[in-house]
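Architecture at a glance
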Amino acid sequence: MSRIVLGVTGGVAAYKAVMLASRLRQSGHDVDVVLTPAAEAFLAPLSFSAVTNRRAYTDEGRFAADGQIVHVALAQGADLVVVAPATADFLAKAAHGIADGLLSTLLLAATCPVLLCPAMEDDMWAHPATQRAVALLRADGRALMQPAEGHLASGRRGAGRLPEPDAIAAEIERMLHPHDLSGVRLLVTAGPTREHIDPVRFVSNGSTGRMGIAVAQAARRAGAEVTLVIGPTELSVPDGVERVAVTSAAEMLDAVQRRFLEAHAFVATAAVADLRPREQFGRKVKKAEIGLEVAMERTEDILAWAGANRAPGQVLVGFAAETGDVASEARRKLLEKHCDLIVANDIGEPGSGFAVDTNRCLFVSREGERQVGPTSKREVGEEIVAFVAGRLGKR
Ligand code: CTP
């Protein structure tokens, strides 16, 4: 069993932290609770010590009389630090390393995994200042849960609620017991492709490669050897992941074909352009020469090729970007492309699809279907890696 530090900051969702502390205790963990002064305005330390059977810490006990440096002792002994709820104020401070209380100081001293669970009004969550802080924290390797949708303290509805204690506890268990994909070779496609008419004009789409990068990162964290075949994107590839940069669908297919046989699993997140100009010019064509109709032809379907050529035991995951009947289209693609899993998302929904950090997906396999999210693409990446690990008989 693990030692968990649960930081509680001052938001109306703080009452859920008592349930979370109790839930973690019932799972056999030792839980040290640290309240900020603002959290104390909502709840008494006693609420926590009663469910954890341990002392709950506040800023008052920051400098212990016995000479122990409390924040260091708590941070060093912890297997995981979780802050739930994490207010906008706390995220902004944590992003900049401001250490003005026991919890913020402890966070700086912690070398174990850290999970932050924001909760606030949706407008505060969406504010660029908060999103800047979130980006900085993620870049520092902090895990953040996506706030849940629903009723907010203001009486409005929106994305800003603290996720339910069970969901937070499940995330904690996953972080404490990551999958082990050592020895597994994973091939991932990501980003858009560009089908050039001439050196300056092309047919493409708005994919950024974020989803594929999230899958690569999750798999890398689990110890897999990851190759990312990625179309043109501004985003950088995670450390330790082999990057194969391509431009067109034909180049992407070629890169995949060269590496497919040795891969244990293939995850196709790329938004491959379906059409390419039949004729491609090596020089910039004058607009008068192009005409109003450009003859097109289909590109290769890379995932379909992989499905037709898969070896026994190989795991195949595809995506489906849909605007209509998401579930039935996903089932069709699952069978037609011989996949183990199709991750379908409704790109017509706000907060899902291209160039955003969140996704709401339907996981469709032969065994059935289940909704994942709305949550971060990082989370979706983790879920896909968990599926692959399960299929490969890995923990
Ligand atoms: N895909 C691929 N090569 C293509 C087209 C798609 O590998 N030329 C893969 C994508 O990476 C994704 C899956 O196939 O994993 C489904 O892509 P999607 O664009 O949703 O579907 P299409 O097969 O193009 O079908 P449709 O346009 O009919 O929805």
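Residues numbered from 1 in each chain as written. Predicted model: local features only at pLDDT ≥ 70, side-chain atom pairs only at ≥ 80, totals over all residues. Heavy atoms only, no water.

A few words now on the overall build of the chain. Across its full length, the chain carries 15 helices and 20 strands. Against the compact-globule benchmark of 21 Å for 395 residues, the chain has a radius of gyration of 24 Å, which places it among compact chains. With respect to the three principal axes, the spread of C-alpha positions in the chain is 80 × 50 × 35 Å. Taking all 395 residues of the chain together, the buried fraction comes to 50%. (Helix = DSSP H or I, 4+ residues; strand = E, 2+ residues; numbered from the N terminus. Rg over C-alpha atoms; globule rule 2.2 N^0.38 Å. Buried < 20%, exposed > 50% of the residue type's maximum accessible area, 1.4 Å probe, protein only.)

Counting 35 residues, the largest nonpolar core has Leu228, Val317, Val343 and Ile384 as the members making the most contacts within it. Contributing elements (two or more residues each) for this core: β9 (185-190), α10 (210-221), β12 (225-230), β14 (265-268), β17 (315-322), β18 (341-346), β19 (358-365) and α15 (377-391). The leading source of residues in this core is α10, at seven residues. Not counting residues within four places of it along the chain, the set of residues in contact with Val317 comprises Phe266, Val267, Ala268, Leu303, Leu341, Val343, Ile384, Phe387 and Val388. Within the second largest apolar cluster, 31 residues are counted, among which are Ala14, Ala84, Cys117 and Ala143. (Core = buried A, V, L, I, M, F, W, Y, C linked by side-chain atoms within 4.5 Å. Contact = heavy atoms within 4.5 Å.)

Counted under the stated rule, the structure contains 31 salt bridges. Taking the shortest distance from any N to any O, the salt bridge between Arg161 and Glu164 comes out at 3.7 Å. Residue Arg161 is classed as partly exposed on the basis of its relative accessible area, which comes to 25%. Each of Arg3, Arg25, Asp30, Asp32 and Arg54 takes part in a single network of salt bridges with overlapping partners. (Salt bridge = Lys/Arg side-chain N within 4 Å of Asp/Glu carboxyl O.)

You can see Thr87 is positioned in the loop between β4 (80-86) and α5 (88-95). Classification of Thr87 by relative accessible area gives buried; the value is 14%. Sequence-distant contacts of Thr87, that is, excluding residues within four places in its chain, are made with Thr9, Gly10, Gly11, Ala119 and Met120.

Looking at chain direction, strand β7 (residues 148-151) and strand β8 (residues 157-161) are connected through four bridges and run antiparallel. Along β8, the bridge assignment pairs Glu149 with Ala159. Hairpin remark: β7 followed by β8, antiparallel, with five residues in the connecting loop; positive phi at Gly155, about 100°. (Pairing = 2+ DSSP bridges.)

With respect to spatial proximity, 16 residues lie near the ligand, and among them Ala268, Ala270, Glu300, Phe319 and Lys337 are the closest. Within the backbone of Ala270, an N or O atom sits 2.6 Å from an oxygen atom of the ligand. A distance of 2.8 Å separates an oxygen atom of the ligand from a polar atom in the side chain of Lys333. Relative to its unbound accessible surface of 580 Å², the ligand loses 78% to contact with the protein. The dominant element in the shell around the ligand, judged by the number of residues it contributes, is β17, at four residues. Looking at the shell around the ligand, its residues break down into eight nonpolar, two polar and six charged. (Near = heavy atom within 4 Å. Polar contact = N/O pair within 3.5 Å; in protein donor to acceptor, adjacent residues only side chain to side chain. Areas by Shrake-Rupley, 256 points an atom, 1.4 Å probe, with all protein chains shown as cover. Nonpolar A, V, L, I, M, F, W, Y, C, P; charged D, E, K, R; others polar.)

A few words on the domain arrangement of the chain. Here the chain is described as being made up of domain 1 (3-176) and domain 2 (185-391). The interface is formed by seven residues belonging to domain 1 together with nine residues belonging to domain 2. Surface buried jointly by domain 1 and domain 2 totals about 630 Å² across both partners, of which 44% is contributed by carbon and sulfur atoms. Looking only at domain 1, the three residues that lose the most surface to domain 2 are Arg138, Gln146 and Arg174, adding up to 65% of its buried area. Run the count over domain 1 and domain 2 and you get two salt bridges. Residue Glu379 is joined to Arg174 by a salt bridge in which the shortest nitrogen-to-oxygen separation is 3.0 Å. The tally of links between domain 1 and domain 2 comes to two residue pairs in polar contact (both at pLDDT 80 or more). Secondary structure elements with two or more residues in the side of domain 1 that touches domain 2: β6 (143-144) and α9 (165-176). (Domains from an automatic or database assignment. Buried area = accessible area lost by both parts, 1.4 Å probe.)

Let's shift gears to the environment of Glu195. Within the secondary structure, Glu195 sits in strand β10 (residues 195-196). The contact partners of Glu195, leaving out residues within four places of it in the chain, are Arg201, Phe202, Val203, Ser248, Ala249, Ala273, Leu275, Arg276, Pro277 and Thr299. Here Thr193 takes part through its side chain, which lies 2.8 Å from a polar atom of the side chain of Glu195.

Turning next to the sheet that holds strand β3 (residues 56-57). Pairing within the open sheet is parallel, and its six strands lie in the order β3-β2-β1-β4-β5-β6. Two strands close off the open sheet at either side, each with one partner strand: β3 and β6. Note that strand β1 (residues 3-8) and strand β2 (residues 30-35) share six bridges and pair parallel. Residue Ile4 lies in a different strand from β2, and its bridge partner there is Val31.

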